[in-house]
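Breakdown of the fold
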Amino acid sequence: ISGIDLISEYPTASIQAPAGSYLILPVVTMNIYAVMIGNIEFKSSNSTWYLNNSEINAKISELNFYKYETKDYVEIGEEFEYTLEVYFPKYPTNATNKIFYIKDVIDNGITFSGFSSIEVEVDETKVAVLEDGRILDEDEKELGNISIEGQEMTINFNVDNIISDRLYIYYKAKLNNSASIGVDNKNKNTATLTYSNDPYWYKYNNTNSGKPCWYIRFRNI
């Protein structure tokens, strides 16, 4: 079914269609769906032909993305830690569009501590983060790569090499002399997950900010 809007009444979606076999590829959704095939067939009973409704149980990969920090109040020059908790979807094996990356942007009052402070954990096991930003598992398969440019950190994931459903990223930062001061100061940090929710076309990508931004305040002593 291509280019057809389904009638959605959670938790089901439906469409009226002629008899036939249909390949269903949901797009423009918050979740990622496996490919589905539906058959609407004529059947006979007592010399009468009729059409039965066809029902499909969709296989869905839900997206979850969370961000935490270890401290609410820190001093200038004091280091603190962020945590990203990322849940990975299961794309169809023949999917051609598997965009999945996190972009983390910090205000000028915060400075990333660099690659040496980054740790990645998969299934309670720490994996290697190299100086060039590559993330390698124990078999040296590349799970993704990290780049830091000024106030922006980008983490691109290779979902084909990630078997686990969940991954943690720990990284550190410091408040610098440009941090805003006062009770209501806001040294903002925003992380956004971008992912392809249509596994076959590059037209459709979705964003999920989890908790859209974090503020770090500091003590003036």
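Presented here is a report on the structure given in the accompanying data block. (Residues numbered from 1 in each chain as written. Predicted model: local features only at pLDDT ≥ 70, side-chain atom pairs only at ≥ 80, totals over all residues. Heavy atoms only, no water.)

Scanning the chain for helices and strands turns up zero helices and 22 strands. Across the 221 residues in the chain, those meeting the buried criterion constitute 36%. Within the chain, contacts between residues at least 6 apart in sequence are counted, and of these 63% link residues at least 24 apart. With the model as given, the accessible surface of the chain reaches about 13,400 Å², and the carbon-plus-sulfur share is 47%. (Helix = DSSP H or I, 4+ residues; strand = E, 2+ residues; numbered from the N terminus. Buried < 20%, exposed > 50% of the residue type's maximum accessible area, 1.4 Å probe, protein only. Contact = heavy atoms within 4.5 Å. Areas by Shrake-Rupley, 256 points an atom, 1.4 Å probe, with all protein chains shown as cover.)

Alignment of strand S14 (residues 119-122) against strand S15 (residues 125-129), held across three bridges, turns out to be antiparallel. What sits directly across from Val122, in S15, is Thr125. Taken together, S14 and the strand that follows it, S15, pair antiparallel across an intervening segment of two residues, in which Asp123 is found at a positive phi of about 50°. Strand direction decides the pairing type here: S15 and strand S16 (residues 134-136), joined by two bridges, are antiparallel. If you follow Val129 over to S16, its bridge partner there is Ile135. Hairpin connection between S15 and S16: a loop of four residues separates the two successive antiparallel strands, and Gly133 in this loop has a positive phi of roughly 95°. (Pairing = 2+ DSSP bridges.)

One pass over the full model with this rule turns up eight aromatic pairs. Ring centres of Phe88 and Phe157 lie 5.1 Å apart, and the angle between their planes is 80°; on these two criteria the pair is classed as edge-to-face. Here Phe88, found in the loop between strand S11 (79-87) and strand S12 (100-106), pairs with Phe157, found in strand S18 (residues 152-157); they are 69 residues apart in sequence, far enough to count as distant. Each ring, one from Tyr168 and one from Tyr170, has its centre 6.2 Å from the other, and the planes form 10°; the classification is stacked. By the ring-pair criterion, three or more aromatic residues cluster together here, those being Phe80, Tyr82, Phe112 and Tyr171. (Phe/Tyr/Trp six-rings, centres within 6.5 Å; stacked < 30°, edge-to-face > 60°.)

If you trace the backbone, Ser117 turns up in the loop between strand S13 (110-112) and S14. Among the polar contacts listed, one links the side chain of Ser117 to the backbone nitrogen of Lys172, at a separation of 3.3 Å. If near-sequence neighbours (up to four positions away) are discounted, Ser117 is found in contact with Tyr170, Tyr171 and Lys172. (Polar contact = N/O pair within 3.5 Å; in protein donor to acceptor, adjacent residues only side chain to side chain.)

Attention now goes to the pattern of salt bridges. It is possible for side chains bearing opposite charge to pair when their charged atoms get close. The tally for this structure, following the rule as stated, stands at six salt bridges. For the salt bridge of Glu152 with Lys103, the shortest nitrogen-to-oxygen distance reads 3.1 Å. Placement of Glu152 in strand S18 and of Lys103 in strand S12 is noted, with a sequence separation of 49 residues between them. Exposure remark for Glu152: the relative accessible area of 33% places this residue in the partly exposed category. For Arg134, the salt bridge goes to Asp132, with nearest N and O atoms at 2.9 Å. (Salt bridge = Lys/Arg side-chain N within 4 Å of Asp/Glu carboxyl O.)

Turning next to the environment of Asp137. Of note, Asp137 is situated in the loop between S16 and strand S17 (142-149). Here Asp137 falls in the buried class, since its relative accessible area comes to 17%. The sequence separation of Asp137 and Ile162 amounts to 25 residues, and the corresponding C-alpha distance is 9.2 Å. In contact with Asp137, not counting residues within four places along its chain, are Val127 and Leu143. At 2.9 Å, the side chain of Asp137 and the backbone nitrogen of Asp139 are in polar contact.

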